[in-house]
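Residue-level structure breakdown
Next come the chains, spelled out residue by residue.
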Amino acid sequence: MKKRIITVLITLMSGVMFSGCQEAGNSENKVVIAGYGFDDETERYISLCRAKHPEISIEIKDYQQFGDPRDALKQLKVDLVAGKCGDILISTQYFHAEDYMDFGVFLDLNTIEESGDIKERILPNILTSVEYDDKITAFYPYFTINCYATKKNIVSDDKWNRDQLLEVFNATVENGQNFWGNRSDTKIQNFIISEICNDYSMDRPLDREWYTELIDTSRKMMKLSEDHKADESDDLIYKNEKVICREVSIDSFDRYYYLKTAVFDDDISLLGNASDENTICINPELMCSILSASQNQEDAWSVISYFMSEEFQRKIAYTESFPVSSEAFDLMYQNTLLDYYCDENGNYLEKKDGSYIINDNSVKFPLPKKEDLQEIYDQLTSINNISQQKYDLRNALMSDISTRFLSDDSAEQIFEKINQTYMLYTAEKE
């Protein structure tokens with residue numbers, strides 16, 4: 001199956017303001033990194049790269065400074081095709097590089113001899129996730145996963161697919177159960193939009209019958225949540241099955257163990273896109289592509305090489321994100337099993353006591369064992385799909401759904417409006 005790369009937009013550093021479009025040509029030892037919106041975490045990582053390579057002048061071109069998001073993203077697309085973005089592109093769901101693969105704007109990193117070392121060191125599923133038609137146009141140094149969590153005895157992951165999902169939803173309606181918890185309208189709408197975006201990434205039309213029934217059932221689920229209010233901030237509502245499903249972000253083995261043990265009583269099921277089967281996707285972070293128009297590809301590669309180096313990967317292993325190298329990934333796993341905390345050099349810091357905070361109370365659980373983490377370890381080393389959420393399509397769908405979901409429009413009418421928007425975007429894609 002052809003793997004798509006969604007170049008992930010992440011934040012780098014706001015120290016350099018956007019100064020308009022510039023040609024691809026750069027002075028020697030200068031690397032221009034383009035993207036949309038730069039956060040503190042990425043700024044910190046860029047500063048580590050600067051310290052490692054003081055001979056390289058790293059400049060940031062932040063298109064967020066361009067103004068209105070739609071105009072800024074449009075300008076980014078224009079500059080990318082015109083070869084005016086600089087040397088490296090860092091992007092996320094706000095900007096899909098896969099739409100520009102055929103324009104030849106990204107360098108095939110396979111052509112760089114040193115890339116072989118990186119490919120040997122990273123997890124095999126991570127390597128698969130960045131392969132596109134036998135090319136590699138990006139690498140990412142760490143990742144998280146966003147998904148849904150529930151108890152297996154309520155929703156097993158083998159039922160989280162298009163054929164059986166509506167049966168699960170209809171059963172909760174018949175039993176009067178609060179599936180999504182408070183703010184169900186937002187969560188349901190996000191779920192529907194995610195499914196549509198997944199269809200978009202798979203190049204397939206929307207299933208009229210399935211989506212119409214999903215919209216109709218979702219409205220009933222939303223009414224139930226209004227009748228059965230729950231304290232959204234209290235993890236005990238999931239533990240006590242007052243609410244069935246929870247949106248979760250998993251960025252470490254410790255986070256997974258907390259959810260599994262403290263929230264779901266060792267009976268956790270992780271759920272992703274409900275396509276042909278339950279598909280959990282990777283959220284790649286700091287994904288970097290070298291632009292074909294770059295006049296300083298050598299130094300651009302030095303920047304990417306640092307992020308993929310074992311030195312940097314080891315630092316990630318001690319943070320709240322999963323590193324992509326096999327060695328650093330296993331280091332993070334082994335550290336979770338230790339009965340003490342240590343620094344990135346392996347030095348003892350303090351003993352672990354197994355305490356977690358639930359509903360403002362400190363509760364102790366046994367320290368994790370290998371069998372407690374085996375399932376998530378296997379999942380994280382097998383997932384090879386990258387999260388695909390087209391930013392402008394998602395915004396358009398949110399406008400369609402949010403204004404009509406609570407109206408008197410029928411499920412069929414809502415689907416018709418959604419499908420009109422969807423077809424416009426698929427036409428543009430072609």
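Here, the structure is the one placed above.
This part is about helix α1 (residues 40-52). With 13 residues, α1 ought to run about 18 Å at 1.5 Å a step, and its terminal C-alpha atoms sit 19 Å apart, in line with that. Listing the buried residues of α1 in full gives T42, Y45, I46 and C49. Mapping the buried residues of α1 onto a view down its axis gives an arc of 100°, with all of them on the same face. Within α1, the exposed residues directed more than 90 degrees away from the buried face are D40 and A51. Of the surrounding elements, those touching the buried residues of α1 are β1 (30-35), β2 (57-62), β6 (142-151), α10 (297-308) and α11 (310-317).

This structure, assessed with the given rule, holds 14 salt bridges. A salt bridge links E195 to R162, with the nearest nitrogen and oxygen atoms 3.1 Å apart. With E195 in helix α6 (residues 184-201) and R162 in the loop between β6 and α5 (165-174), the pair connects residues that are 33 residues apart, well separated along the chain. Summarising the burial analysis for this pair, E195 and R162 share the class buried. Taken together, the shared-partner salt bridges in this structure form one network comprising R162, E195, D199 and R204.

Within β6, 9 of the 10 residues are buried, leaving the element largely enclosed by the surrounding structure. In terms of strand pairing, β6 meets strand β11 (residues 282-285) through 4 bridges, oriented antiparallel. Residue pairing across strands places T144 opposite N283, the latter belonging to β11. Bridge count between β6 and strand β13 (residues 322-323): 2 bridges; the pairing is antiparallel. In the sheet register, Y142 faces β13, and the bridge partner there is P323.

As a packed pair, α1 and α10 sit with axes 10 Å apart at the nearest point and diverge in direction by 115°. In terms of their interaxial angle, α1 and α10 are classed as roughly perpendicular. At the point where α1 passes α10, the crossing takes the right-handed sense. For the pair α1 and α10, contact is made by Y45, I46, L48, C49 and K52 and by V303, Y306 and F307, respectively. Its residues assigned to classes, the contact of α1 with α10 shows 7 nonpolar, no polar and 1 charged.

A few words now on a negative patch on the surface. Taken together, D102, E131, D133 and D134 make up a surface patch of like negative charges. With respect to the helices and strands, the residue E131 is situated in strand β4 (residues 131-132).

Our next topic: the sheet that holds strand β3 (residues 88-90). Pairing within the open sheet is mixed, and its 4 strands lie in the order β2-β1-β3-β12. One side of each edge strand has no neighbouring strand; the edge strands of this open sheet are β2 and β12 (288-290). Neighbour-to-neighbour, the strand axes of this sheet turn through a mean angle of 25°, independent of strand direction. In the sheet, β1 pairs with β3 via 3 bridges, with the strands oriented parallel. Each residue of the ladder has a partner; that of A34, found in β3, is L89. Against the sheet, α10 engages β1, β2, β3 and β12, with an angle of about 160° to β12.

This next bit is on the state of the cysteines. Summed over the entire model, instances satisfying the criterion amount to 0 disulfides. Free of any disulfide, C147 has its nearest neighbouring cysteine sulfur in C245, separated by 9.1 Å. Taking relative accessible area as the criterion, C147 reaches 5% and is therefore assigned buried.

Here the focus is the pairing of strand β8 (residues 268-271). Where burial is concerned, the two faces of β8 agree: the one with I268 and L270 and the one with S269 and L271 are both buried. With 4 bridges joining them, β6 and β8 adopt antiparallel strand pairing. Note on β8: the bridge partner recorded for T150 is S269.

A few words now on the packing of aromatic side chains. Applying the stated rule across the entire model yields 30 aromatic pairs. Where F139 meets W301, the ring centres are 6.5 Å apart and the plane angle is 55°; that geometry is what we call tilted. You can see F139 sitting in the loop between β5 (135-136) and β6 and its partner W301 sitting in helix α10, a full 162 residues away along the chain. Judged by relative accessible area, F139 falls into the buried class, the value being 2%. The class of W301 is buried, set by a relative accessible area of 8%. Considering the side-chain rings of F329 and Y377, the 5.4 Å spacing of their centres and the 55° angle between planes classify their relative orientation as tilted. One end of the pair, F329, is in helix α12 (residues 326-337); the other, Y377, is in helix α13 (residues 370-380), with 48 residues separating them in the sequence. When sorted by exposure, F329 lands in the same class as Y377, which is buried. An aromatic cluster of at least three residues, connected via ring pairs, comprises F143, F253, F322, F329, Y333 and Y377. Above the face of the F405 ring, R219 is positioned so that its terminal group lies 6.0 Å from the ring centre. Over the aromatic face of Y341 sits the side chain of K352, whose NZ or CZ is 5.3 Å from the ring centroid.

Counting across every chain of the model gives 1 cavity of 30 Å³ or more. By volume, the largest cavity is sized at about 40 Å³. Together, K152, D157, Y256, I268, S269, L270, E375 and Q379 line the largest cavity. Breaking the lining of the largest cavity down by element, the ones donating at least two residues are β8 and α13.

The rules behind the values
- Residues numbered from 1 in each chain as written.
- Predicted model: local features only at pLDDT ≥ 70, side-chain atom pairs only at ≥ 80, totals over all residues.
- Heavy atoms only, no water.
- Helix = DSSP H or I, 4+ residues; strand = E, 2+ residues; numbered from the N terminus.
- Expected span 1.5 Å × (residues − 1).
- Buried < 20%, exposed > 50% of the residue type's maximum accessible area, 1.4 Å probe, protein only.
- Arc of directions from axis to C-beta.
- Contact = heavy atoms within 4.5 Å.
- Salt bridge = Lys/Arg side-chain N within 4 Å of Asp/Glu carboxyl O.
- Pairing = 2+ DSSP bridges.
- Axes fitted to C-alpha atoms, helices over the stretch in contact; angles between N-to-C directions.
- Parallel < 35°, antiparallel > 145°, perpendicular 65-115°, else oblique.
- Left-handed = near helix turned anticlockwise from the far one by under 90°.
- Nonpolar A, V, L, I, M, F, W, Y, C, P; charged D, E, K, R; others polar.
- Patch = residues over 30% accessible without salt bridge, like charges linked within 9 Å, V, L, I, M, F, W, Y side chains within 5 Å.
- Areas by Shrake-Rupley, 256 points an atom, 1.4 Å probe, with all protein chains shown as cover.
- Lys, Arg positive; Asp, Glu negative; His and termini not counted.
- Charge placed at Lys NZ, Arg CZ, Asp CG, Glu CD.
- Disulfide = S-S within 2.5 Å.
- Phe/Tyr/Trp six-rings, centres within 6.5 Å; stacked < 30°, edge-to-face > 60°.
- Lys NZ or Arg CZ within 6 Å of the ring centre and 35° of its normal.
- 1 Å grid on protein atoms, 1.4 Å probe; cavity = no way out; pocket = protein on both sides within 12 Å on 5 of 7 lines; lining within 4 Å.
- Points joined across faces, edges and corners; volume = space filled by probe spheres on them.

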